[in-house]
Amino acid sequence: MAVAEGIEVSRFQDGDQSPENKGNTSRDEEDMAYFGKKQQLRRGFGWLSIVGFVCTLLSTWEGMFAVFLYGFQNGGPAGLVYGFLFCFVGTTMTVASLGEMASMMPLSGGQYHWVSLLAPPNSAKFLSYITGWVTIIGWQAGQASASFLGATIIQGLIVLNNPSYVPQRWQGTLIFYAVIAVLLFINTLLAKWLPKIEGLLLVVHILGFFAIIIPLVHLTPHGSSKDVFATFINGGEWSSNGVSFFVGLITSIFSFLGKIGADSACHMAEEIRDASIILPWAMLGSVLVNGVLGFAMLIAILFCLGDIDSALASPTGFPFIEIFAQATKSNAGASVMSCIIMVMVLCAALGCMATASRLLWAFARDGGVPLSRLISRLHEPTTLPIYAILTSTTISLLLALINIGNTAAFNAFMSVSVSAFYFSYIISISLLLFKRLRKDPVKDHLRWGPFSMGPTFGPLINGGALCYTIITFFFSFWPSTAVVTPLNMNWSVLIFGGSVLFSIAFYLAWGRHSFKWPVVDHIRRSH
């Protein structure tokens, strides 16, 4: 028997089931006990199902269609190609770094748990709390944003097939409510089937890719290689093509992480068997699969643009719907292809609700939010964090009301998700890198998980990930054009700043007294 801060840790053979019979293995049991946590959720996810969860949640090739316009206006075809490769490498390094920390501390809190372990003792509680709040705000905004995107694609399809239809904001909000209702139904009444559903969605994710790219490439006239690989566009009228390139990175950033973070699987850690082993490899595998599919789809789109002016001016609000219509010369064909995109976006929203609720539940378990005792309660027969799911749903429903008054204001609130995710990555990775570089044999002694990049490659990859996240975090606040008006201003800097100030004020007023950060024994915490 081993003891960590008075908590007994049982030693089983790897792969043995624990006595509580919730699907956790001996390694899961030891990881939970080491950090002072009791297994409460049921571990139903294996490697394939969590890969399906992350792949469909990130939806790289699908997201490329939704945000294609931003990168095309700033960077053009060439900027999109090289920007995607830049983000592919950067995202891989970022996910590898997150995977190391997830393997080290496989708890549903993710970033705020890691920060509590890695930060200096005198600031660990504060930094952990702020990281937790910012990450929660990002995920709640991401859940609403993904659902809203699916709802607006539905409206776009109605416009395609009924040109006399004039979309109204209140109608979009009602469709959004219907989407949220379906997601809630699956995340509660069908929750025990969620791992199997996610495994099936991985198949749909891959087959859908071929169902889109084959007719697109076969039916559409192709542009030249020069048009794709050597044409830059500075549509935002920035001072140089270089600035325009970085502003246009938002397309590739969104496609890889988007309004839904790369840390999604980390917040499902307590529902994954052998999480410290499976989680990092599933994250990396998902990014690699999505990156390859996304790059292939990007090249196909750029060679098959057709009449780009008509696509950009499409009354549907989505250029890809017009591109499909031009390719198939049929509204029915375009509708079928667009429905595949819509379904996958809604599947991403499904995983987003699961992730956002688990993070909220974990933070409530640590006393980080108001009504923590209620929100952290589980529905015993199903071991579901039902109150956290209902709270996340309520937040989305309330945020959607903003859209009735002003869509631009709603989008401003939703835009905070990207900056919130990258902020949490920067804090976590910088603390990990600092410990690695300082190499103090006592203060920087870490309990590494099964997944570690070692003393040579680890600092290099962590450093590359930190540089990438700082660049993307910085440019996530930039507007799409150099000439800024209240309508085209990127208000995420204001919303993000407000979120951080709110988190600090809430910590000083309430959180510093109620927040119970993860248990770490006195030897490790004193360091």
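Conventions and cut-offs
- Residues numbered from 1 in each chain as written.
- Predicted model: local features only at pLDDT ≥ 70, side-chain atom pairs only at ≥ 80, totals over all residues.
- Heavy atoms only, no water.
- Helix = DSSP H or I, 4+ residues; strand = E, 2+ residues; numbered from the N terminus.
- Expected span 1.5 Å × (residues − 1).
- Buried < 20%, exposed > 50% of the residue type's maximum accessible area, 1.4 Å probe, protein only.
- Arc of directions from axis to C-beta.
- Contact = heavy atoms within 4.5 Å.
- Phe/Tyr/Trp six-rings, centres within 6.5 Å; stacked < 30°, edge-to-face > 60°.
- Salt bridge = Lys/Arg side-chain N within 4 Å of Asp/Glu carboxyl O.
- Core = buried A, V, L, I, M, F, W, Y, C linked by side-chain atoms within 4.5 Å.
- pLDDT = per-residue confidence, 0-100.
- 1 Å grid on protein atoms, 1.4 Å probe; cavity = no way out; pocket = protein on both sides within 12 Å on 5 of 7 lines; lining within 4 Å.
- Points joined across faces, edges and corners; volume = space filled by probe spheres on them.
- Nonpolar A, V, L, I, M, F, W, Y, C, P; charged D, E, K, R; others polar.
- Axes fitted to C-alpha atoms, helices over the stretch in contact; angles between N-to-C directions.
- Parallel < 35°, antiparallel > 145°, perpendicular 65-115°, else oblique.
- Left-handed = near helix turned anticlockwise from the far one by under 90°.

1. Structural notes on unusual backbone geometry
Piece 1. Positive phi is not limited to glycine here, since Leu 371 has a value of about 60°.
Piece 2. A positive phi angle, close to 55°, is found at Thr 383, a residue other than glycine.
Piece 3. When you line up the elements, Thr 383 lands in the loop between helix H17 (372-375) and helix H18 (386-405).

2. Details of H18
Piece 1. Between its first and last C-alpha, H18 extends 30 Å over 20 residues, near the 28 Å set by a 1.5 Å rise per residue.
Piece 2. Within the sequence span of H18, burial applies to Ile 386, Ala 388, Ile 389, Ser 392, Thr 393, Ser 396, Leu 399, Ala 400 and Asn 403. In a view along the axis of H18, the buried residues occupy a sector of 160°, so they form one face of it. Of the exposed residues in H18, the ones pointing more than 90 degrees away from its buried face are Leu 398 and Gly 405.
Piece 3. Contact partners of the buried residues in H18: helix H7 (124-161), helix H8 (169-188), helix H16 (331-365), H17 and helix H19 (407-414).

3. A word on the packing of aromatic side chains
Piece 1. With the rule as written, the count across this model stands at 45 aromatic pairs.
Piece 2. With 6.1 Å between their ring centres and 65° between their planes, Phe 229 and Phe 303 make a pair best called edge-to-face. Of this pair, Phe 229 sits in helix H10 (residues 225-229) while Phe 303 sits in helix H13 (residues 275-303), and the two are 74 residues apart along the sequence.
Piece 3. Seen from their ring centres, Phe 423 and Phe 496 are 5.4 Å apart, and the 65° between their planes marks the pair as edge-to-face.

4. Considering the pattern of salt bridges
Piece 1. Taken as a whole and judged by the stated rule, the model has six salt bridges.
Piece 2. Of the charged contacts, one joins Asp 366 and Lys 37 as a salt bridge, the two residues approaching to 2.4 Å between their closest N and O atoms. With a gap of 329 residues between them, Asp 366 in the loop between H16 and H17 and Lys 37 in the loop between helix H1 (26-34) and helix H2 (47-58) connect regions that are remote in the sequence.
Piece 3. Judged by relative accessible area, which is 1%, Asp 366 ranks as buried.
Piece 4. Linking Glu 271 and Arg 358 is a salt bridge whose minimum nitrogen-to-oxygen distance equals 2.7 Å. Of this pair, Glu 271 sits in the loop between helix H12 (250-256) and H13 while Arg 358 sits in helix H16, placing them 87 residues apart in sequence.
Piece 5. The buried category is assigned to Glu 271, whose relative accessible area is 9%.

5. Focus: the nonpolar core
Side chains of a nonpolar character, in soluble globular proteins, are inclined to be buried together.
Piece 1. Ile 50, Phe 65, Ile 153, Leu 216, Phe 324 and Ile 341 are the most contacted members of the largest nonpolar core, which totals 161 residues.
Piece 2. Among all residues touching Ile 341, those that are not within four sequence positions of it are Trp 61, Glu 62, Phe 65, Ile 153, Ile 212, Phe 320 and Phe 324.

6. Observations regarding the confidence of the model for the protein
Piece 1. Within the protein, residue pLDDT values average 88, and 93% of them lie at 70 or more.
Piece 2. In the model of the protein, strand E2 (residues 7-9) stands out as the element of lowest mean pLDDT, 34, in contrast to H8, which has the highest, 96.
Piece 3. Of the regions scoring below 50 in pLDDT, residues 1-19 engages in 38 contacts with residues more than four places distant in sequence or in other chains.

7. Overview of empty space enclosed by the protein
Piece 1. Under the defined criterion, the tally for this structure stands at one cavity of 30 Å³ or more.
Piece 2. Of the pockets and cavities examined, the largest cavity occupies roughly 50 Å³.
Piece 3. Counting only elements with at least two residues in the lining of the largest cavity, the list comes to helix H5 (76-104) and H12.
Piece 4. The biggest single contributor to the lining of the largest cavity is H5, with three residues.
Piece 5. By residue class, the composition of the lining of the largest cavity is three nonpolar, seven polar and no charged.

8. Thoughts on the packing of H2 against H16
Piece 1. Close contact between H2 and H16 brings their axes to 7 Å; oriented N to C, the two are set at 120°. As the angle between them shows, H2 and H16 are arranged oblique. Of the two elements, H2 crosses H16, and the hand of that crossing is left-handed. Contacts from Phe 53, Thr 56 and Leu 57 of H2 reach H16 at Met 344, Ala 348, Gly 351, Cys 352, Ala 354 and Thr 355.

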